[in-house]
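Here is what each chain is made of, one letter per residue.
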Amino acid sequence: MSSPPPQQLDSHLAQFRLSAFRPGQEEVIRTVLAGRDCLCVMPTGGGKSLCYQLPAVALDGLTVVVSPLIALMKDQVDQMQELGLPVTYINSTLSPDEQSERLQAVASGEVKMIYAVPERFRSPRFLEAVRAAGLRLLAIDEAHCISQWGHDFRPDYARLGQFRETLGNPPTIALTATATDDVRRDIVKQLNLSEPETFIRGFARDNLFYRVWKTSGEREKTERLVEFLEKAPGSGIIYASTRRRTEEVAEALGRRLRRKVIAYHAGLLPEPRKAAQEAFMRGDVEIIVATTAFGMGIDKSDVRFVVHYNLPGTLEGYYQEAGRAGRDGLPSQCLLLYNASDRYIQEWFIESAYPGPENVELVYEYLASVDADPIELTQQEIKDRLALPIGADGVGTCEQWLESAGVLQRLVASDNRATVRLDSQLPTLVDLLPKRANVRRTVLRALEQIVGQRRHESVPFEPIELMRLTGFEQPSIATALRELNELDVFDYVPPFRGRAIRMLDRETPFDQLSIDFEAIEKRKAYEYEKLNRVVQFALGATCRQQAILHYFGETDGQDCGHCDNCERLGRGGATRPLTELNDEAVKAVRIALSGVARVQQRFRCGKTLIAQMLCGSKAAKITKLRLDQLSTFGLLEHLTQVEVAALLEALIATGHLAQVDLDQHRPVLELTTEGVELMKGQREFEGALPVSDEILAKIRGDQPAPAPPDPRELEPLDVDPQVLDRLKLWRKQKGSFTGQPLYLILSNRSLEELAAAQPQTREALLEISGIGQRKLEQYGAELLDLLADGAKPPDHDMSAKDDASITSESDAPSEGKGVPTASRPSCFWSWRLIQAGLSPEEAAAARGISVETLRRELDQATRLGFE
């Protein structure tokens, strides 16, 4: 099928009262009109709907649109009907007569496009009407729901590939606002699309200004939020992760601000929840504090800011929620208030979404023991009765998996009506009953009259209607229905309130149920990885918009020039020279990664303990756990514990480390594949390291900005040049031994004072500028030995004798025992890394030296007695 000429396409565009396409729309529409399968990834508000609505009008035959959102479905149909377009929808909000009427209109060709939820494809009547109309296009909105790797996986979506095949594999367009590379591949696979064109467009929102503010806790977070809101006029949405937090934040802001603030969450009664939404939409309330339940299908164009009070669980969710700002194209703010502990909330959600087999088994055994049909218990009631360590949503997940295993059926009330399903094409099921079963036969005839042609479909009806058709009283009908339920082809569900469960199998042992817990664990790990990506985004040092574009696969974008990172780096995203890592900085990064690897060989722990170990802390816990015996102990002692923790956090942001929960609320560090390769020297460090200028300067070994001169520095010194040369050589060797920048060992001025005064006691050393108690303990003995030799010419041979003289505690230490940390020779560290189990290549990469140099140092270590 050839694509229509521009004039014809423009005429169809005019039917939607539009004069021009948005970026990317025309290309997608022409592909659809050419009869090709395609996958369209566009953000919310980017114009996805027109990509199937215009082809639906232009093509002969029927277009079926699959959508999971009933409210949004109705809104779109209402809008198109106002334009005079022949569109309808079918869902559970319609009466049986209304559904029949609309399906008849579809079958007769009166309708060009019909919206339906994926569950509707189970209905034979629906499929028959679609076939009769001649299906020309299948449009699947929110297509990420198909993928198990998507953020809103739904089993009924996963069956769409089978239904598509049943319908003859019609040309299909799958659309989503949020799909990573994994999800895109899975969508194509599940739908069996034929060489689809993939379009990823419109994720760059130049009017959105992304910001991340790091906070230390709830008090600071609230203060920073108030600070932001006092300078942010207009309407805005503040997203919080829990119902309780929305109410707390709304209450706090209501006290602090002279602006109207309201809370919105799913725990509110329907009327107050609706009133809150409408008040915000009308502009009666400027600020709404909401859970993520707020915003689906909300089209308020003048939202000037969106604040994430808590860390979102995925970048998909973050982008979709932040994208509700500035839909009118005017500048708008997107602020994320980051606190590391917010991660625990999202981890709780993940654990509830993927409960372990033991929880699923408890739910199954309990429901199997309940003597009721249906079982009318809420998820919260089941959680409370079993004292489960998961949320009520986790119980819902258990029920979902048990339903997929075929042992139960989840039911939703339909205005207190009963439902009946007849799974047989026999003209009448009455022939299956004994001739003397008069009551049952009469009741069954009445039900066949109610069901009509809707076989193999759950048909709702009012119980009073059955009484009217049969003339029997309720007790007689109830007995007959109970007996009819014994038939394999008959299924009756009595009226109930809210949600309920029918047990289909109470006998099969749990370990024989068909539930793939291995696949579930993979999905759970994937959710943790997506959470890690949010943390990386929050801690990242590069353009925020670019980070989002890359995540969604749009690789041809430019730095936005106005997010917090672009502003910090320079307008337009120009990178500071300081962000470039020199050899010293790369060495520090590899040492940090090696430190995590060494600790992992013993046990798993968090960044605080690892930071203490790398700094050479003498804390009791370090000694008790024997972390001071690790080869990486003290290798970053020129940094403070806070600075090393910041370095580890930065490596989480760059993806070289991952922070996961060993147990609930116990985050531990792990090396990623990228981290292992960088540690081993198999890849180079790329990009920027998101740490402060001060920390970066220290790990690079850059000289700090000059301080005001000390008065003593203005005095001329009578320096002994030979002693100064010897001190400089000692400092150079020390830097080589420890990996420290030279200026952090002793400054040039300190060496000059030493060479002039040549102190002979520890007390006299303390008179030298730059030597305090800590450095006295580190270097005092060596310096006094050097100065006692006076002007003795330095030996530049760098022989074993030099190493032995520096390690003055022992001439030939066995296994490194008795060698002070500050006086260990370079070869000691090479020896320790090999002893720790690293290969020569790994050890060389961790130390930042060649393998040949490492081997020479190992020979030297052997001569010194390190065995």
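Residues numbered from 1 in each chain as written. Predicted model: local features only at pLDDT ≥ 70, side-chain atom pairs only at ≥ 80, totals over all residues. Heavy atoms only, no water.

> Looking at this structure, I do not really get the overall build of the protein chain. What am I missing?
When its secondary structure is counted, the protein chain shows 38 helices and 20 strands. Looking at the protein chain as a whole, 53% of its 867 residues qualify as buried. Of the contacts made within the protein chain by residues no fewer than 6 positions apart, 72% connect residues no fewer than 24 positions apart. (Helix = DSSP H or I, 4+ residues; strand = E, 2+ residues; numbered from the N terminus. Buried < 20%, exposed > 50% of the residue type's maximum accessible area, 1.4 Å probe, protein only. Contact = heavy atoms within 4.5 Å.)

> Sorry, what's going on with the packing of helix H15 (residues 357-369) against helix H16 (residues 379-386) here?
In a pair of packed helices, the angle between the axes and the distance between the axes together describe the arrangement. Here H15 crosses H16 at 100°, and the two axes come no closer than 11 Å. In terms of axis orientation, H15 runs roughly perpendicular to H16. Every residue of H16 that contacts H15 at Leu-362, Val-363, Tyr-366 and Leu-367 is listed here: Ile-382, Arg-385 and Leu-386. Classifying every residue of the contact of H15 with H16 by side-chain character gives 6 nonpolar, no polar and 1 charged. (Axes fitted to C-alpha atoms, helices over the stretch in contact; angles between N-to-C directions. Parallel < 35°, antiparallel > 145°, perpendicular 65-115°, else oblique. Nonpolar A, V, L, I, M, F, W, Y, C, P; charged D, E, K, R; others polar.)

> Help me out: how do you make sense of the confidence of the model for the protein chain in this one?
For any part of a model where pLDDT is low, the fine detail of the predicted coordinates should not be relied upon. Put simply, the protein chain has an average pLDDT of 81, and 83% of its residues get 70 or more. Every residue in residues 791-823 scores below 50 in pLDDT, and together they form 61 contacts with partners more than four places removed in sequence or on other chains. (pLDDT = per-residue confidence, 0-100.)

> Explain the packing of H15 against helix H17 (residues 392-404) to me, please; I cannot follow it from the model alone.
The contact between H15 and H17 brings their axes to 9 Å, and the two run at 75°. Regarding the angle of H15 to H17, the classification is roughly perpendicular. Packed against H15, whose contacting residues are Asn-359, Val-360, Val-363 and Tyr-364, the element H17 presents Cys-398, Trp-401 and Leu-402 at the interface. Taken together, the residues of the contact of H15 with H17 break down into 6 nonpolar, 1 polar and no charged.

> Explanation requested: the sheet that holds strand E11 (residues 287-290) in the structure shown.
Hydrogen bonds between backbone atoms are what pair the strands of a sheet, whose relative direction is either parallel or antiparallel. Read across the open sheet, the 6 strands follow the order E8-E13-E12-E9-E11-E10; overall the sheet is parallel. Unpaired on one side and paired on the other, strand E8 (208-214) and strand E10 (261-264) mark the two borders of the sheet. Along the sheet, successive strands turn relative to each other by an average axial angle of 15°, direction set aside. Relative to strand E13 (residues 332-338), E8 runs parallel, the two sharing 7 bridges. (Pairing = 2+ DSSP bridges.)

> Explain the packing of aromatic side chains here, please?
Each aromatic ring pair is described using two quantities: the centre-to-centre distance and the angle formed by the ring planes. All chains considered together, the criterion is met by 16 aromatic pairs. Relative to Phe-228, the ring of Trp-213 lies with its centre 6.1 Å away and its plane at 85°, an arrangement referred to as edge-to-face. With Trp-213 in strand E8 and Phe-228 in helix H10 (residues 218-230), this pair connects stretches of sequence that are 15 residues apart. Each ring, one from Phe-510 and one from Phe-517, has its centre 6.2 Å from the other, and the planes form 45°; the classification is tilted. Each member of the aromatic cluster is reached from another via a ring pair, and the members are Phe-203, Tyr-319, Tyr-551 and Phe-552. One cation-aromatic arrangement involves Arg-544 over Phe-537; the distance from NZ or CZ to the ring centre is 5.5 Å. (Phe/Tyr/Trp six-rings, centres within 6.5 Å; stacked < 30°, edge-to-face > 60°. Lys NZ or Arg CZ within 6 Å of the ring centre and 35° of its normal.)

> It is not clear to me how unusual backbone geometry should be interpreted in this structure. Could you clarify?
It is generally the case that most residues other than glycine have a negative phi and that most peptide bonds are trans. Although it is not a glycine, Glu-195 adopts a positive phi angle of roughly 40°. Its place among the elements puts Glu-195 in the loop between helix H9 (181-191) and strand E7 (197-200). Residue classification places Glu-195 among the exposed residues on the basis of a relative accessible area of 67%. Look at Gln-758: it is not a glycine, yet its phi comes out positive at around 45°. Tracing the chain through its elements places Gln-758 in the loop between helix H32 (748-757) and helix H33 (762-765). Residue Gln-758 is classed as partly exposed on the basis of its relative accessible area, which comes to 22%.

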